[in-house]
Amino acid sequence: MALIDTINPLLTTGWAKGDAGWGIKEYEARGGYRQLRRVLESKMTQDDLIAEVKKSVLRGRGGAGFPTGLKWSFMPKAAPVKYVVCNTDEGEPGTFKDRDLMRFDPHAVIEGMIIAGYAVGAKAGYNYIHGEIFETYQRFEEALDQARAAGYLGNNVLGSEFSFDLFAHHGWGAYICGEETGLLESIEGKKGQPRYKPPFPANFGLYGKPTTINNTETFAAIPFILGMGGEAYLNLGKPNNGGTKLFSVSGHVNRPGNFEVPMGTPFSKLLEMAGGMRGGRKLKAVIPGGSSAPVLPAEIMMECTMDYDSIAKAGSMLGSGAVIVMDETVCMVKALERLSYFYYEESCGQCTPCREGSGWLYRVVHRIEHGEGRPEDLDLLNRVTDNMMGKTICALADAAAFPVRSFIKHFKSEFEYHIENKKCLVDPETQRMGSGFFKAGAV
Amino acid sequence: MNNDNAQLSPEALRRIDREVAKYPAEQKQSAVMAALVIAQDEKGWLPKETIAAVAEYLGMAPMAAYEVASFYNMYDLQPVGKYKITVCTNLPCALSGGVHAAEYVKTKLGIDFNETTADGKFTLKEGECMGACGDAPVMLVNNKRMCSFMLPEQIDKLLAECK
């Protein structure tokens, strides 16, 4: 299991026992379902509940950072059928926090979803779970059975007038379903191709009904917010960036894993929690928010704090909180080639700029990496991204473009070296040893 | 046409019914993704007749089910070996040996990506992000079992236990 470390544990309080702590008894023992009970017994109004979440300035943990309370308030009050949907289609390269949340604390997600259902007036919900984590999907189904047996799900939750049921739906290998409307199409049993917006899901969502979609970590934070109060939660972080956040740290660190820190924690502190750089090597670059976020060179990253505003100011995005750490053994051209292949492979093919553009990006970066680059290729790449960004139904085209533009912007000389010398600036043996797969003499 | 492939077992249908029950009565199609996985588990892969059988059971057009089967990466529209091993080679995994792990498996099995060993035992696939980058290198066995920290020794062990 991924290593865990935390300052001010909140979301990760239930993780201490690893696989032994996920059941309903354990969750109740650490105060679980107490907030749901309080909401129902006190007959809290929907408006008060949403106001509390707004006060916390909880921002969507899936990547876009949209304020959760505001999103909930968009749901039309009068509609008879509404849905709550959880996005656990965690496929953004570098992100693996929702998997651990679902493995170690599934009932926090369930409680958060039930409370959200109450807040927006939905009677049913679905949790869309990444197909690759099927074992986690099975555990979540078990957790749902436990919650149903305990009276937290079903008709008249805990004897109240509120009824709510929740189901698990799994994906089967499509990055695009992490996009919320692609996800809805997928639940409806179709190809996961995103929909035009507007209408937004709050008006036309699952089966055409008003729907609130939030990320797993967002839902899991709800019981904690109600427990401590919105203002106290906000104060854990910094203004406009409430609470704590899970960061998935991968790549060239000594202890890859999930770390929960208050918003605004310096990147240097997070790096230290992750055990520092592997083998004591030098930090070269960081992708701070999942592979779709622009890369930042070491010197800029070391000045950042981990919150939406600081990372945005530095020219990137906090995204899903996936921090991909790269040391000096990385060839930036090769790194970009792999990312570009990913977007090319995962483009759903619906919009021409993305379907064709992602292929162009991959092929041109591929030829530079393989010694066939041309002097005009860097301009060509930037021009292709110009024709992709903002010109498609969903943000996958932008996600494909950001890495290309930022890698070229910050590491231009490495690309030029490649084109001119037809080889990597970082010698192949150094690159090979960087991964840690080959122990000296073992292979 | 193989008629066996157009039949799903009572056990498979019972499992599909359980999926159908998750959705509103008029939305049976929502169960198609899970139903195709159940069918794939039973047949080992998804022949066209099986996809059509799933579609018929759910009351949808065969083409609509085929669209789903061909859109999502983990449905196998061609026969695969007894053990399908998918290795994530995306960047975060590659930084911790994903690409090298794939090379190691290729050498051990003597096959490339999208190939099956002559004895029909192993098929190797290149995977995209599985959402477990902290455990890199990661591999999936037959779509459902995730294997973490797959360094040479662990790969040897995994291949040895696949009988």
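Residues numbered from 1 in each chain as written. Chains lettered and ligands numbered in written order. Predicted model: local features only at pLDDT ≥ 70, side-chain atom pairs only at ≥ 80, totals over all residues. Heavy atoms only, no water.

Chemist: Is there a simple way to explain the sheet that holds strand E5 (residues 211-215) of chain A in this structure?
Modeler: Within a sheet, each strand pairs with its neighbour through backbone hydrogen bonds, oriented either parallel or antiparallel. Residues and elements named next belong to chain A. The sheet built from four strands is open, its strands ordered E4-E3-E2-E5 with parallel pairing. Each end of this open sheet is capped by a strand with a single partner; those strands are strand E4 (165-170) and E5. Averaged over all adjacent pairs, the angle separating strand axes in this sheet is 20°, with direction ignored. The pairing of strand E2 (residues 83-88) with strand E3 (residues 124-129) spans six bridges and is parallel. Residue threonine 88 lies in a different strand from E3, and its bridge partner there is isoleucine 129. With respect to the sheet, helix H6 (residues 106-120) is in contact with E2, E3, E4 and E5, its orientation differing from that of E2 by roughly 150°. (Pairing = 2+ DSSP bridges. Helix = DSSP H or I, 4+ residues; strand = E, 2+ residues; numbered from the N terminus. Axes fitted to C-alpha atoms, helices over the stretch in contact; angles between N-to-C directions. Contact = heavy atoms within 4.5 Å.)

Chemist: How should I be thinking about helix H4 (residues 62-71) of chain B in this particular structure?
Modeler: Each full turn of the α-helix corresponds to 3.6 residues, which orients residues three or four apart in the same direction. Considered for burial, the residues of H4(B) that qualify are B:Ala65, B:Val68, B:Ala69 and B:Phe71. In this structure, the buried residues of H4(B) make contact with helix H2 (32-43) and helix H3 (48-58) of chain B. (Buried < 20%, exposed > 50% of the residue type's maximum accessible area, 1.4 Å probe, protein only.)

Chemist: Which parts of the structure should I look at to understand the side chain of A:Asp377?
Modeler: You can see A:Asp377 is positioned in helix H16 (residues 377-386). Once residues lying within four places of it in the same chain are set aside, the contact partners of A:Asp377 are A:Val364, A:Arg367 and A:Ile368.

Chemist: Explain the sheet that holds strand E1 (residues 83-88) of chain B to me, please; I cannot follow it from the model alone.
Modeler: Residue and element names in this part refer to chain B. The five strands lie next to each other as E2-E3-E1-E4-E5, forming an open sheet whose pairing is mixed. If you trace the sheet from one side to the other, it starts and ends with strand E2 (115-116) and strand E5 (145-147), each paired once. Bridge count for strand E4 (residues 139-141) against E5 is three bridges, and the pairing is antiparallel. Within E5, the residue paired with valine 141 across the bridge is arginine 145. Packing of helix H6 (residues 98-109) onto the sheet brings it into contact with E1, strand E3 (122-127) and E4, and relative to E3 it is tilted by some 160°.

Chemist: Can you help me understand the environment of B:Ala35 in this one?
Modeler: All names here are of chain B. Residue position: alanine 35 is located in helix H2. Residue alanine 35 is classed as buried on the basis of its relative accessible area of 0%. Taking the C-alpha atoms as reference, alanine 35 lies 9.4 Å from isoleucine 51; in sequence the two are 16 residues apart. Excluding residues that lie within four positions of it along the chain, alanine 35 makes contacts with Ile16, Val54 and Leu58.

Chemist: Can you help me understand the interface of chain B and chain A in this one?
Modeler: Frequently, the measure chosen for interface size is the accessible area that the parts lose on association. With 53 residues of chain B at the contact, the number on the chain A side is 67 residues. When chain B packs against chain A, close to 4500 Å² is buried across both sides, 60% of that on carbon and sulfur atoms. On the chain B side of the interface with chain A, the three residues burying the most area are B:Lys22, B:Phe71 and B:Leu95, jointly 15% of the side's total. The tally of links between chain B and chain A comes to four salt bridges. Across the pair A:Arg99 and B:Asp135 runs a salt bridge whose closest N-O atoms are separated by 3.3 Å. The set of elements that each furnish at least two residues to the side of chain B that touches chain A consists of H2, H4, helix H5 (91-95), H6, E3, E5 and helix H7 (152-161) of chain B. Tallying contributions element by element places H2(B) first for the side of chain B that touches chain A, with five residues. (Buried area = accessible area lost by both parts, 1.4 Å probe. Salt bridge = Lys/Arg side-chain N within 4 Å of Asp/Glu carboxyl O.)

Chemist: How should the pairing of E2(A) be read in this particular structure?
Modeler: Each regular strand carries side chains that alternate between the two faces of the sheet. Residues and elements named next belong to chain A. Burial analysis of E2 places six of its six residues in the buried class, which makes it a mostly covered element. Neither face of E2 is exposed, since Tyr83, Val85 and Asn87 on one face and Val84, Cys86 and Thr88 on the opposite face are all buried. Here E2 pairs with E5 via five bridges, running parallel. What sits directly across from tyrosine 83, in E5, is threonine 211.

Chemist: Teacher, can you tell me more about the pattern of salt bridges here?
Modeler: Oppositely charged side chains are able to pair whenever their charged atoms sit close together. All names here are of chain A. Within this structure, the stated rule accounts for 39 salt bridges over all chains. Measuring nitrogen to oxygen at the nearest pair gives 3.6 Å for the salt bridge that ties glutamate 52 to lysine 55. Of this pair, glutamate 52 and lysine 55 both sit in helix H3 (residues 46-56), three residues apart, roughly one helical turn. Residue classification places lysine 55 among the partly exposed residues on the basis of a relative accessible area of 43%. Measuring nitrogen to oxygen at the nearest pair gives 2.8 Å for the salt bridge that ties lysine 190 to glutamate 188. A relative accessible area of 32% places lysine 190 in the partly exposed class. Among the charged side chains, a salt-bridge network with shared partners connects Arg61, Lys97, Asp98, Glu217 and Lys245.

Chemist: Whenever I open this one, the confidence of the model for chain B confuses me. Can you help?
Modeler: Atom-level detail of predicted coordinates should not be read off regions where pLDDT is low. Taken over all residues, the pLDDT of chain B has a mean of 96, while the share at 70 or more is 98%. Model confidence for the complex is summarised by a pTM of 0.96, with the ipTM given as 0.97. (pLDDT = per-residue confidence, 0-100.)

Chemist: Even after reading the chapter, I still don't get H6(B), so can you show me in this structure?
Modeler: The terminal C-alpha atoms of H6(B), which comprises twelve residues, lie 17 Å apart, in line with the 16 Å expected from a rise of 1.5 Å per residue. Buried within H6(B) are the following residues: B:Gly98, B:His100, B:Ala101, B:Ala102, B:Tyr104, B:Val105 and B:Leu109. Among the structural elements, helix H19 (428-434) of chain A together with E1, H5, E3, E4 and H7 of chain B are those in contact with the buried residues of H6(B). Of the residues trailing H6(B), B:Gly110 is marked for its positive phi of about 70°. (Expected span 1.5 Å × (residues − 1).)

Chemist: Sorry, what's going on with the packing of H2(B) against H3(B) here?
Modeler: Helices that pack against each other are described as a pair by the angle of their axes relative to one another and the distance between those axes. All names here are of chain B. Running from N to C, H2 and H3 point in directions that differ by 140°, and their axes come no closer than 10 Å. By the angle class used here, H2 and H3 are oblique. The hand of the H2/H3 crossing is right-handed. Residue-level contacts link Val32, Ala35, Leu36, Ala39 and Lys43 of H2 to Thr50, Ile51, Val54 and Leu58 of H3. A breakdown of the residues in the contact of H2 with H3 according to their chemical character gives seven nonpolar, one polar and one charged. (Parallel < 35°, antiparallel > 145°, perpendicular 65-115°, else oblique. Left-handed = near helix turned anticlockwise from the far one by under 90°. Nonpolar A, V, L, I, M, F, W, Y, C, P; charged D, E, K, R; others polar.)

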